[in-house]
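If you want the building blocks of each chain, they are given just below.
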Amino acid sequence: MPLLLVGGVFAPRLLLGPIVVTEPVRRGTLLRSVVATGRVTTPFRVSIGSQITGTVRDVPVLEGQDVALGQVLIRLEASEMRAGLAQAQSAVLQAETQLHHLNDVTLPVAVRTLVQAEATLLNAQRQFSRSEQLQASGFATRAALDEVRVARDVAEAQMEAARIQLTSNRSGGTDEALAQAVLAEARASLRAAQARLDYATIAAPVAGTLIARSVERGDVVQPNTPLMTLSPAAAPQLVVQIDERNLGLIALGQAALASADAYPQAPFSAHVAYINPSVDPQRAAVEVKLDVTEPPPTLREDMTVSVDITVAERTGVLILPLSAIHDPAGEAWVLRVEGSHARRVAVRLGLRGARAAEILDGLGEGERVLPANAAVAAGQRVRTP
């Protein structure tokens, strides 16, 4: 009786074959992707430092704070610089006053002096001519003629001096050029003093986030010493290392789906923006950068991210899970259900994704295939649920 019971239980399996779950061949979209990990970075970072030596008076920002373009980051003690600026302003005012005095006073006086000298010379020349005639007629002595001759020569010298002085005072003259040079030097000193005072206030050269700060009130700072690091408010990039075996699959502009390891439930889009032309021989990898056009608010500098880059896409093709394909890397074949039997069928594969492959030949849409791990041999009877 027990033997009959066992036979009754196993007889259908022996006669009709085991009940197996099958995979259908269906049409759909197949994606092939390359997976990599990396970190979040910005296209560049800005090191903030001082251009002069000074004592820090105030640091009005905190590490991690968002700052605007031109926002004050560090103030240095500037009392000595303000005094230097006031001195330079006074020098400019003095030089401008000297130039105005030259144009408004000295030049008009030189013009009048020349007119007076010309009149004096004309009078002296007349006196000399008259005395010369009188001396020739015997009405004047030689001594009187010599006296008026001296007066004429002095008048000529005075007129020549007045002419030189007027030329020097006019535009382009030596006195005017010297006054202009003094004014230019004073204005240059003023600009230098103003620049030095401006250096006492260190402002943000770009908008961004202050990611590092190593300066406090009272510190003495010097040029070429980084005091802060600013991450510009630009779209972040993802820097990943791609296995060199996949280099031929990667191209600029390819779409990718990324997620931060800290927030795997919040994926975001990216695209390939840069492929390093060289290969790292130590890691056998290629550096690839991806731009993120709409970064999520949770994304932070130096976060670890996972990236899935879509390198190929087929739409409306026959798809079969890789779990149903025997030897997918060689002469691929499957066990297709034909009626109540499993038949071995060779297939030709196209694009392969992470979990499925494109069927180019050997199967039709809707046909059902046994999983590769099914304990069924070719030609064996099978039953489907």
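For the structure given in this document, a descriptive report is provided here. Predicted model, so just to flag it, every value in this text is computed and none were measured.

When helices and strands are tallied, the chain shows four helices and 20 strands. Computed over its C-alpha atoms, the radius of gyration of the chain comes to 49 Å, more than 25% above the 21 Å expected for a compact globule of 385 residues. Reported as C-alpha extents along the three principal axes, the dimensions of the chain are approximately 185 × 50 × 35 Å. Taking all 385 residues of the chain together, the buried fraction comes to 34%. Sequence-distant contacts in the chain: of pairs separated by 6 or more residues, those separated by 24 or more amount to 74%. Both charge centroids of the chain, one from 36 positive and one from 39 negative side chains, sit 8 Å from each other.

This brings us to the packing of aromatic side chains. Under the criterion given, the structure shown has zero aromatic pairs. Taking the ring centre of Trp333 as reference, the NZ or CZ of Arg344 above it sits at 3.9 Å.

Gaps between atoms show up when a probe of the same size as a water molecule is rolled over them. Reported here for the largest pocket is a volume of approximately 380 Å³. Lining the largest pocket are 18 residues, and of these Thr209, Ser231, Leu299, Arg300 and Glu301 sit closest to its centre. Mapped by element, the contributors of at least two residues to the lining of the largest pocket are β2 (26-41), β8 (208-213) and β10 (226-232). Looking at which element gives the most residues to the lining of the largest pocket, the answer is β8, with three residues. Taken together, the residues that form the lining of the largest pocket break down as ten nonpolar, five polar and three charged. Taken as a whole, the second largest pocket encloses approximately 220 Å³ of empty space. Residue lining of the second largest pocket: Arg26, Thr29, Leu30, Leu31, Ser33, Asp308, Thr310, Ile319, Gly353, Ala354, Arg355 and Ala356, and that is the complete set. Elements with a minimum of two residues in the lining of the second largest pocket: β2 and β15 (304-321). At five residues, β2 tops the list of elements feeding residues into the lining of the second largest pocket.

Right, let's get into the environment of Asn276. Along the polypeptide, Asn276 turns up in the loop between β13 (268-275) and β14 (285-291). The sequence separation of Asn276 and Val286 amounts to ten residues, and the corresponding C-alpha distance is 6.2 Å. Each residue touching Asn276, except ones within four places of it in the same chain, is listed here: Val286 and Glu287.

In terms of strand pairing, strand β16 (residues 333-338) meets strand β17 (residues 341-346) through six bridges, oriented antiparallel. For Trp333, the partnering residue across the bridge sits in β17 and is Ala346. Between β16 and the antiparallel strand that follows it, β17, lie two residues; Gly339 among them carries a positive phi value of about 70°.

Next up on the list: the sheet that holds β8. Taken together, four strands build an open sheet; the order of strands is β3-β10-β8-β5 and the sheet is antiparallel. Both outer strands of the open sheet, β3 (46-49) and β5 (66-67), are each paired with one neighbouring strand and no more. Where β3 lies against β10, four bridges are found, and the strand directions are antiparallel. Paired with Ser47 across the two strands is Thr229, which belongs to β10.

Its place among the elements puts Arg336 in strand β16. At a separation of 2.6 Å, a polar atom in the side chain of Arg336 contacts the side chain of Glu338. At a separation of 3.3 Å, a polar atom in the side chain of Arg336 contacts the side chain of Glu367. Dropping the residues within four chain positions of it, Arg336 is found in contact with His341, Ala342, Arg343, Val345, Gly362, Leu363, Glu367, Arg368 and Val369.

So, on to the pattern of salt bridges. Pairing is possible between side chains of opposite charge, provided their charged atoms come close. Applying the stated criterion across every chain yields a total of 13 salt bridges. For Arg217, the salt bridge is made with Asp58, and the minimal N-O distance between the two is 3.3 Å. You can see Arg217 sitting in the loop between β8 and β9 (220-221) and its partner Asp58 sitting in strand β4 (residues 54-58), a full 159 residues away along the chain. Given a relative accessible area of 18%, Asp58 falls into the buried group. For Arg336, the salt bridge is made with Glu367, and the minimal N-O distance between the two is 3.3 Å. Taken as a pair, Arg336 in strand β16 and Glu367 in the loop between β19 (356-361) and β20 (368-369) lie far apart in primary sequence, 31 residues in all. A residue is classified by how much of its surface remains accessible, and Arg336, at 16% relative accessible area, is buried.

In space, the four strands of this open sheet follow the order β7-β6-β4-β9, with antiparallel pairing throughout. Every interior strand has two partners, whereas the edge strands, β7 (201-203) and β9, have only one. Direction of pairing for β4 relative to strand β6 (residues 72-76): antiparallel, over a ladder of two bridges. Considered in β6, the bridge of Asp58 is made with Arg75.

About the cut-offs
- Residues numbered from 1 in each chain as written.
- Predicted model: local features only at pLDDT ≥ 70, side-chain atom pairs only at ≥ 80, totals over all residues.
- Heavy atoms only, no water.
- Helix = DSSP H or I, 4+ residues; strand = E, 2+ residues; numbered from the N terminus.
- Rg over C-alpha atoms; globule rule 2.2 N^0.38 Å.
- Buried < 20%, exposed > 50% of the residue type's maximum accessible area, 1.4 Å probe, protein only.
- Contact = heavy atoms within 4.5 Å.
- Lys, Arg positive; Asp, Glu negative; His and termini not counted.
- Charge placed at Lys NZ, Arg CZ, Asp CG, Glu CD.
- Phe/Tyr/Trp six-rings, centres within 6.5 Å; stacked < 30°, edge-to-face > 60°.
- Lys NZ or Arg CZ within 6 Å of the ring centre and 35° of its normal.
- 1 Å grid on protein atoms, 1.4 Å probe; cavity = no way out; pocket = protein on both sides within 12 Å on 5 of 7 lines; lining within 4 Å.
- Points joined across faces, edges and corners; volume = space filled by probe spheres on them.
- Nonpolar A, V, L, I, M, F, W, Y, C, P; charged D, E, K, R; others polar.
- Pairing = 2+ DSSP bridges.
- Polar contact = N/O pair within 3.5 Å; in protein donor to acceptor, adjacent residues only side chain to side chain.
- Salt bridge = Lys/Arg side-chain N within 4 Å of Asp/Glu carboxyl O.

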